[in-house]
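The chain contents come next:
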Amino acid sequence: MPVQAFKRDERQGMAELPANTEIIVSMNQDVTTKGNSWSEGDQFDLTVEEDVMLGEYVVIPRGTRAGGRITWLTSKGMFGKSGKMDIEIEHLVLGGRRIALNGTYRQEGEGNTLATVGGVLLTTVGGFFITGKSGKIPAGRELKAYTEEALPVAIEASA
């Protein structure tokens, strides 16, 4: 009796999406140090931009929702101090399951240090009126995140 042969990618069974698999996500809204709209600890939404594949199988489809959090934030200030923030991409939600991600970024506004120094030289109070720029991560900005752990994947046999 002959042995049954099958294509490797078509057999039924278990596979694994490795830890540290790269996932491209994009910001769903602007996150900025400007004003008082955001604070440390605030969460924001992201979307997976590209299918994450295992062989010929889509494991994490494009459009999957993800989430992040602001871990540190300072507003712009006097003497050209620019606004800064750190964010962390924390998870995605797949089939009702929360999958942990890693991705940490810092965004800084462009400071006005040279303008501040000039302002102080011209007048002693002039430096108080020159401020830096706000840090901003715009909606649509693509960022990389990575799976924290390996993700078990069930592979179904082709019909």
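Residues numbered from 1 in each chain as written. Predicted model: local features only at pLDDT ≥ 70, side-chain atom pairs only at ≥ 80, totals over all residues. Heavy atoms only, no water.

Draft legend 1. Local environment of unusual backbone geometry. One non-glycine residue, asparagine 20, lies in the positive phi region at around 70°. The class for asparagine 20 is exposed, based on a relative accessible area of 54%. (Buried < 20%, exposed > 50% of the residue type's maximum accessible area, 1.4 Å probe, protein only.)

Draft legend 2. Looking closely at the side chain of threonine 21. Within the fold, threonine 21 resides in the loop between strand E1 (13-17) and strand E2 (22-27). For threonine 21, a relative accessible area of 14% corresponds to the buried category. Apart from the residues within four sequence positions on either side, threonine 21 is in contact with Val52, Ala145, Tyr146 and Thr147. (Helix = DSSP H or I, 4+ residues; strand = E, 2+ residues; numbered from the N terminus. Contact = heavy atoms within 4.5 Å.)

Draft legend 3. Looking closely at the nonpolar core. The biggest cluster of nonpolar side chains holds 27 residues, and the ones touching the most others in it are Ile23, Val25, Phe44, Ile60 and Leu92. Here this core gets four residues from one element, more than from any other, and that element is strand E8 (residues 84-94). With residues near it in sequence (within four places) discarded, leucine 92 still touches Ile23, Val48, Ile60, Thr64, Arg65, Ala66, Arg97, Arg98, Ile99 and Leu101. (Core = buried A, V, L, I, M, F, W, Y, C linked by side-chain atoms within 4.5 Å.)

Draft legend 4. Structural view of the pattern of salt bridges. The full count for this structure, using the stated rule, is five salt bridges. Where arginine 62 meets glutamate 49, a salt bridge forms, and the shortest distance between an N and an O atom there is 3.9 Å. Placement of the pair is arginine 62 in the loop between strand E6 (57-60) and strand E7 (65-74) and glutamate 49 in the loop between strand E4 (43-48) and strand E5 (52-54), with a sequence separation of 13 residues. In this structure, the salt-bridge partner of aspartate 86 is arginine 106, at a minimum N-O distance of 2.7 Å. Residue aspartate 86 is located in strand E8, and its partner arginine 106 is located in strand E10 (residues 104-108); the two are separated by 20 residues in the primary sequence. Residue aspartate 86 is classed as buried on the basis of its relative accessible area of 15%. (Salt bridge = Lys/Arg side-chain N within 4 Å of Asp/Glu carboxyl O.)

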